[in-house]
Amino acid sequence: AQTVTQSQPEMSVQEAETVTLSCTYDTSESDYYLFWYKQPPSRQMILVIRQEAYKQQNATENRFSVNFQKAAKSFSLKISDSQLGDAAMYFCAYSRYGGSQGNLIFGKGTKLSVKP
Amino acid sequence: DSGVTQTPKHLITATGQRVTLRCSPRSGDLSVYWYQQSLDQGLQFLIQYYNGEERAKGNILERFSAQQFPDLHSELNLSSLELGDSALYFCASSDRGGPYNEQFFGPGTRLTVL
């Protein structure tokens with residue numbers, strides 16, 4: 001069974017600085033999708049970024065980028081120029097590739113605090 | 001606002017009771033997912049429906065059941081409730097069922113079992 005591990009329960013960053021959140025996963029499949037979701041205090045789940053495992057190029061979305069290391073089964077999220085609004089729980093998630101089942105497998109989450 | 005609605009927002013009930021959580025997907029989305037978020041178990045996938053049919057099942061207890069109606073809204077039924085069922089229950093929808101389609105999450109229903 002696939003598993004997702006986030007080893008950092010809490011992280012802190014100064015406003016305008018850069019922070020990296022770690023995620024590792026375990027799967028025997030060669031193709032899959034990886035995601036980072038943000039959950040602010042409102043509890044709304046928001047997709048931050050998505051990576052297809054068959055793509056070697058790391059995904060980027062504005063200030064958010066990932067470092068995808070397939071061989072190491074590592075998928076970290078880098079947030080540049082951190083803003084107060086980035087404070088939230090961040091969840092790494094995995095989904096199998098192909099087929100019609102798109103259910104997500106989540107890590108335990110990392111709580112990110114942003115200091116002014 | 002994701003376009004996914006869930007009712008009620010909060011639900012307080014007693015052990016042994018039965019409750020129904022309702023989800024309306026985004027307009028045009030055929031697939032609905034249910035997730036449970038608790039302190040103990042984190043975020044767990046429960047069940048997926050696609051256009052009225054069950055498509056995938058996760059760690060859903062036998063006391064729990066769900067269905068998707070012809071108008072595509074979905075209901076999650078929780079029965080014989082236990083204290084441990086207290087959690088935030090999310091519904092998410094996507095236009096199709098595959099993982100390449102972004103899932104849009106509703107605001108969740110907070111269930112408290114006393």
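Residues numbered from 1 in each chain as written. Chains lettered and ligands numbered in written order. Predicted model: local features only at pLDDT ≥ 70, side-chain atom pairs only at ≥ 80, totals over all residues. Heavy atoms only, no water.

## Looking at the layout of surface pockets
Size it by volume and the largest pocket reaches roughly 560 Å³. Along the walls of the largest pocket sit 24 residues, with B:Q37, B:S38, B:L39, B:D40 and B:G42 positioned nearest its centre. Listed by contribution, the elements that provide at least two residues to the lining of the largest pocket are β10 (88–96) of chain A together with β4 (31–38), β5 (42–50) and β9 (87–94) of chain B. Its residues placed into classes, the lining of the largest pocket shows 8 nonpolar, 10 polar and 6 charged. Size it by volume and the second largest pocket reaches roughly 270 Å³. If you list the elements that add at least two residues to the lining of the second largest pocket, you get β11 (105–106) of chain A together with β5 of chain B. Sort the elements by how many residues they give to the lining of the second largest pocket and β5(B) lands first, with 4 residues. (1 Å grid on protein atoms, 1.4 Å probe; cavity = no way out; pocket = protein on both sides within 12 Å on 5 of 7 lines; lining within 4 Å. Points joined across faces, edges and corners; volume = space filled by probe spheres on them. Helix = DSSP H or I, 4+ residues; strand = E, 2+ residues; numbered from the N terminus. Nonpolar A, V, L, I, M, F, W, Y, C, P; charged D, E, K, R; others polar.)

## Here we look at unusual backbone geometry
The omega angle of the peptide bond from B:T7 to B:P8 is -10°, so this bond is cis rather than trans. Note that B:P8 resides in the loop between β1 (5–7) and β2 (10–13). With a phi close to 55°, A:N62 is a non-glycine residue in the positive phi region. Looking at where A:N62 falls in the secondary structure, it is placed in the loop between β7 (60–61) and β8 (64–69). What makes A:N62 exposed here is its relative accessible area of 79%. You will see that B:L72, though not glycine, has its phi angle at about 80°, which is positive. (Buried < 20%, exposed > 50% of the residue type's maximum accessible area, 1.4 Å probe, protein only.)

## With respect to the interface of chain A and chain B
Residue-level contacts link 22 residues of chain A with 25 residues of chain B. Between chain A and chain B the total buried area reaches about 1,800 Å² when both faces are included, carbon and sulfur atoms providing 53% of it. One can count 5 residue pairs in polar contact (both at pLDDT 80 or more) joining chain A with chain B. Looking at the side of chain A that touches chain B residue by residue, the class counts come to 9 nonpolar, 9 polar and 4 charged. (Contact = heavy atoms within 4.5 Å. Buried area = accessible area lost by both parts, 1.4 Å probe. Polar contact = N/O pair within 3.5 Å; in protein donor to acceptor, adjacent residues only side chain to side chain.)

Purely geometric stuff here, so don't read any function into it on its own.
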